[in-house]
Structure formats: C-alpha cells, structure tokens
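What follows is the residue order along each chain.
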Amino acid sequence: MASALALLCVSFWLAGHCQSWGGREFAKPLIWVRPSRVVALGESVTIHCQSQHYRCEFYLRKAGNTTPRVQEAPHGNVAEFPFPSVGRADGGSYTCDYHPITEWNRWSHLSDPIEIIVADPSLPRPSVSLSPSRVTAPGADVTIQCQGPQWEVNFFLHKAGDPTPQRITDRPGDKAEFHIRPVGRQHGGSYSCTYRPRVEPFLTSLPSNPVELVVRAVPTARPDFTHTNIARLVLSAGVLLILGLILAEAYCSCLRGAAWSWALGAGGSTEGPQHCPVMASALALLCVSFWLAGHCQSWGGREFAKPLIWVRPSRVVALGESVTIQCQSQHYGCEFYLHKAGNTTRRVQEAPHGNVAEFPFPSVGRADGGSYTCEYCPITDPTRWSHLSDPIEIIVAERTDPTQPGAALAPTHLSSARPERSGPQTLPGLSSPLITGVSVVAATVLLLLLLVASICVIVRTRATQPLHNEGTWMYHVSRQ
C-alpha cells in the first residue's frame, strides 16, 4: 500500500512538471515595423519585437513559412529583424514570440500579426477621378473611380493625412467605385488609390496621382439687423426730438421768469431761474441717444484686422509640384476662407485649436495659377468677419528643358485680375459707416444747440439782474 502511494505521488509530480513544446504562459510581445509597413522594392525595413522580460530568444514567423528567424536579446527585451533589400517574397504577414534563454520550454503567446506590403514601381499606376465634379456641396453624393490594369486586382482608397486605407473593394476587378453618401465637411481632402494583384496580396502598386475633393461651405444663416436698426434709429430720433423740446421749453421759461421777476420786483430769488435739472435731463437724454445710435448693427460688418497670407515653399511653382497657401489670424478658433480672383467658389478650412489654416495644392495645374486672398470669422460667431488679406499670386511655371535639372522655369499662367470681394458684403443702406456718420452729425448739432441754449440763458439772466435789483429797491422805498 505504501509503495502504491509513493508511485502515485511520483506520477503526479512528473505529470505536473511535464511541458510539451509550445506550452505558452508569458504575455504576447509587441511587434512593429520601421520606417513603414509599406516599403518600395529594394529598400530596407526592420521588424521589432519587444517582450516584458529580459534575456529572451525571439522567433519571427511568417505566415505560410515553417522556418522562423531567430534573434537573441541577452541584455535587453527588444529584438530586431532587418530586411536590408526587400524583395517580392518578403511581403506577407508576420508574428513573433519568445522564451527565456535559460528556459526554452516556457514560451510566450504569439504577437498580433503585422503585414509588410511591397510596392513595385514596375506595376503601372492606377488612375483616379471624381464624379460628378471636384467641387461639391454638403449632402451631395460623390463617387471616386479607380481604374487599373486589365487583370483582377483589389483597389484601396487612401486619403492624405490618414495612414490607413479609407476603403477596400469587396471583389477584384480592373476598376472600382467608392461612394461617399452623403458628403460632409470631413470628407474634403486629397485622395489617391492603389491596387494589389489578387494572386499576390502583399504586392502593391505606387499610388495614383491625387485628386482633390472640395466641399463648399454651407451658407450660414446670419441675422439681419435691418429692422432692429430702423427701430433704434426711430427711437433715437424720438429722444432727440424730446431733447429739443426740453431745450426750447427751458429757453422760454428763462424769458418768462426774467420778465415776471422784473414786473413784480419782489418775492423772488435774486439768483435767477434754476436750470440745472433741465440741463441734467437734457444731458441724460443725449447719452441715451448716443447709446442707441452706437448699438445699431449692420449685417456682415467687418471688424477684425486682415489676416496674413503666404505661400510655401515658393509662389513660383513648377507644373505638377505641390504648394500650400497659409493664412494666419490674430484670433484662435476661426474659420478661414480662401478666395481666388475670378472664381466664385471658395475653399474653407477650420482652425479650432490654432490661428493658422493651410490650403494645400498637391499637384499644381495651370488653372491653379492666379491671385488669392483670405479672410476669417470666429467659429462661434459667423456674423463677425475680418477684412480681406493682401492678395498673393501663385505663378505656375514649366521648365524650358525638362532633361536638365538646372533648367529655368518659364511662367505659363499668371492672373493679373484683382481678387473679388466674395463672402460677406456690407449691404447698402443701414451700414455701419452710415449709422456712425449720422450719429456724429446728430451729436454735434445737439451739442451746439445745448451750448447756444446755455449761453442764451446765462446772458438773459445777467441782463435782467439789474432790473430785478432796481424793482426790489423801489418796492422797499414805497413801503417806507
């Protein structure tokens, strides 16, 4: 019985310590590619694998290949697997795992897979187009069409600034259509497409020439202050009329008071009539009229300083190259509008966390040459606009001899037209300059009237003062 119990314990110990190859207990490592997972044929790339433990041996495994690559990290926890010159056979899906150098039978779980895509310049580039047009309104339907070679391929749609493909075709073919329904402001940008042969899914073509999708700005419903301005101007006119009546009544009271005092000769004050309350009321009403006139607003008024505008890398650019127009305001959180002379369509760009907007031209064409201006308004208050910036010109040029790198550039398009003042315009009629001018003129006239009335009251009072004193003396003499 004792022997049986001992053999049972030994068997339990052996079963608990027996490990089969591939037993996994450590956490999966991290895996990434540098400089990019899409690499051109013949260039170099490196796959990195990182564990949570030091002094490990790493294994890089490729899907479909039973032979792993091995790399030790005796003094760290990161292993590098370089590919000095990438070939077509190097494209594929890779994973890695590891085990401690001193314990080869304790393994980690496999990492997440990562792909290496090989770009072959020998494959013909695809073409890309937009339907119905490059410029569209929000809410419309746009179709991006990609055309490739005459064999079964899978197309990928890319947007500038986004490292991952936007769309992937469901079935292979020689062309593909990507629908955007409906179009929003976020869909504006530069698009290109690539393709991968169905039989070689990790081989890709170079991107097509980009196409720009421009989404027009939605006309913002701005408040119309016309009726408000009319009401305030009418109220201001009423206040001014009442002020004039008060001044006239004060003047007449002065004359009546002086005559009455001279006639009676007694029982009145020798200091003349008191006009301070009347004058105070007149000044109060004058301030009210100034306030009403000053708060009149007009639709679309421009109050912010004009923005700065410049071009990078140069305003003279060769045909097919890229250029960027930048517009800078004095305020943050603004919406910028780029205008081209002779073109009613404007480009819109928001800068919610800065004060600089960029308008890129990925591949400059002859039609892009011309004179440009920009303006801005706060995102939260689209009724307050800046003045237009100074105009800046883009000159599209082509080399006189394309085979020579140092060949001179010859201008091919130069627009000398002055920029249009499209965007918010000041309507005629109740505009800010008109209201300001009327208010200044009315204020000047009222001040002059007030000054004249005050002078008249003072002069009349001083003129009747001797007569008043003489009448008082005669009254006392007669009493005596």
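Everything quoted here is computed from the prediction, not taken from an experiment. (Residues numbered from 1 in each chain as written. Predicted model: local features only at pLDDT ≥ 70, side-chain atom pairs only at ≥ 80, totals over all residues. Heavy atoms only, no water.)

## Here's the deal with the pattern of salt bridges
Inspection of every chain in the model, using the stated rule, returns 12 salt bridges. The partner of R61 in a salt bridge is D97, and the shortest N-O contact between them spans 3.2 Å. Linking R61 in strand β5 (residues 56-62) with D97 in strand β8 (residues 92-100), this pair joins segments that are 36 residues apart in sequence. The partner of E212 in a salt bridge is R347, and the shortest N-O contact between them spans 3.6 Å. (Salt bridge = Lys/Arg side-chain N within 4 Å of Asp/Glu carboxyl O. Helix = DSSP H or I, 4+ residues; strand = E, 2+ residues; numbered from the N terminus.)

## Looking at the pairing of strand β11 (residues 127-131)
Side chains of β11 alternate between two faces, with V128 and L130 buried and S127, S129 and S131 left unburied. Strand direction decides the pairing type here: β11 and strand β13 (residues 142-147), joined by five bridges, are antiparallel. Residue pairing in the sheet places S129 in a bridge with Q145 of β13. (Buried < 20%, exposed > 50% of the residue type's maximum accessible area, 1.4 Å probe, protein only. Pairing = 2+ DSSP bridges.)

## A word on the nonpolar core
I47, F58, L60, F83, I116 and I144 are the most contacted members of the largest nonpolar core, which has 41 residues in total. Other than its neighbours up to four places away in sequence, I144 contacts V128, S129, L130, L157, A176, E177, F178, I180 and Y191. In this structure, F304, F336, A351 and F361 belong to the second largest nonpolar core, which totals 21 residues. (Core = buried A, V, L, I, M, F, W, Y, C linked by side-chain atoms within 4.5 Å. Contact = heavy atoms within 4.5 Å.)

## Side note on the state of the cysteines
Scanning all chains against the criterion turns up two disulfides. Across a sulfur-sulfur distance of 1.9 Å, C49 and C96 are joined as a disulfide pair. Measuring the twist about the S-S bond at about 80 degrees, one finds the C49-C96 disulfide to be right-handed. Of this pair, C49 sits in strand β4 (residues 45-50) while C96 sits in strand β8, placing them 47 residues apart in sequence. Between the sulfur of C327 and that of C374 lies a disulfide, 2.0 Å long from S to S. Taking the torsion about the S-S bond as the criterion, the C327 to C374 disulfide, at about 75 degrees, is right-handed. Of this pair, C327 sits in strand β23 (residues 323-328) while C374 is found in strand β27 (residues 370-378), placing the two residues 47 residues apart along the sequence. Among the residues examined, C327 registers a relative accessible area of 0% and is labelled buried. (Disulfide = S-S within 2.5 Å.)

## Some words on the sheet that holds strand β26 (residues 356-361)
The strand order β21-β23-β26 describes an open sheet built from three strands, whose pairing is antiparallel. Of all strands in the sheet, those bounded by a partner on one side alone are β21 (308-312) and β26. Averaged over all pairs of adjacent strands, the angle between strand axes in this sheet comes to 20 degrees, irrespective of strand direction. Alignment of β23 against β26, held across six bridges, turns out to be antiparallel. What sits directly across from T324, in β26, is P360. (Axes fitted to C-alpha atoms, helices over the stretch in contact; angles between N-to-C directions.)

## Examining the sheet that holds strand β2 (residues 30-34)
Pairing in this open sheet of three strands is antiparallel, and the strands run β2-β4-β7 from one edge to the other. Among the strands making up the open sheet, the edge pair consists of β2 and β7 (78-83). The mean angle between the axes of side-by-side strands here comes to 20 degrees, regardless of whether they run parallel or antiparallel. Sheet analysis places β4 next to β7, joined by six bridges and oriented antiparallel. The residue of β7 that forms the bridge with Q50 is V78.

## As for the pairing of β2
Only one face of β2 is buried: it carries I31 and V33, and the other face, with L30, W32 and R34, is open. Sheet topology places β2 next to β4; five bridges connect them, and they run antiparallel. Paired with W32 across the bridge in β4 is H48.

## Overview of the confidence of the model for the protein
Scored by pLDDT, the protein comes out at a mean of 75, with 61% of its residues at no less than 70. Here strand β30 (residues 409-413) stands out as the element of the protein with the lowest mean pLDDT, 46, in contrast to β4, whose mean of 96 is the highest. For the stretch residues 15-22, pLDDT sits under 50, and the model shows four contacts to residues farther than four places along the chain or on other chains. This stretch, residues 266-276, has a pLDDT under 50; its non-local contacts, to residues over four places away or in other chains, come to 12 contacts. (pLDDT = per-residue confidence, 0-100.)

## Digging into the packing of aromatic side chains
The geometry of an aromatic ring pair is captured by the separation of the ring centres together with the interplanar angle, meaning the angle of the planes. Using the criterion set out here, one finds nine aromatic pairs in the structure. Ring centres of Y59 and W107 lie 4.9 Å apart, and the angle between their planes is 50 degrees; this geometry places the pair in the tilted category. Of this pair, Y59 sits in strand β5 while W107 sits in strand β9 (residues 107-108), placing them 48 residues apart in sequence. Taken as a pair, Y59 and W107 share a single burial class, namely buried. (Phe/Tyr/Trp six-rings, centres within 6.5 Å; stacked < 30°, edge-to-face > 60°.)

## Some words on the side chain of T194
Locating T194 in the fold gives a position in strand β17 (residues 189-197). A distance of 2.8 Å separates polar atoms of two side chains, one belonging to T194 and the other to H158. With residues up to four places along the chain from it excluded, the contact list for T194 reads P126, N154, F155, F156, H158, T204, S205, L206 and P207. (Polar contact = N/O pair within 3.5 Å; in protein donor to acceptor, adjacent residues only side chain to side chain.)

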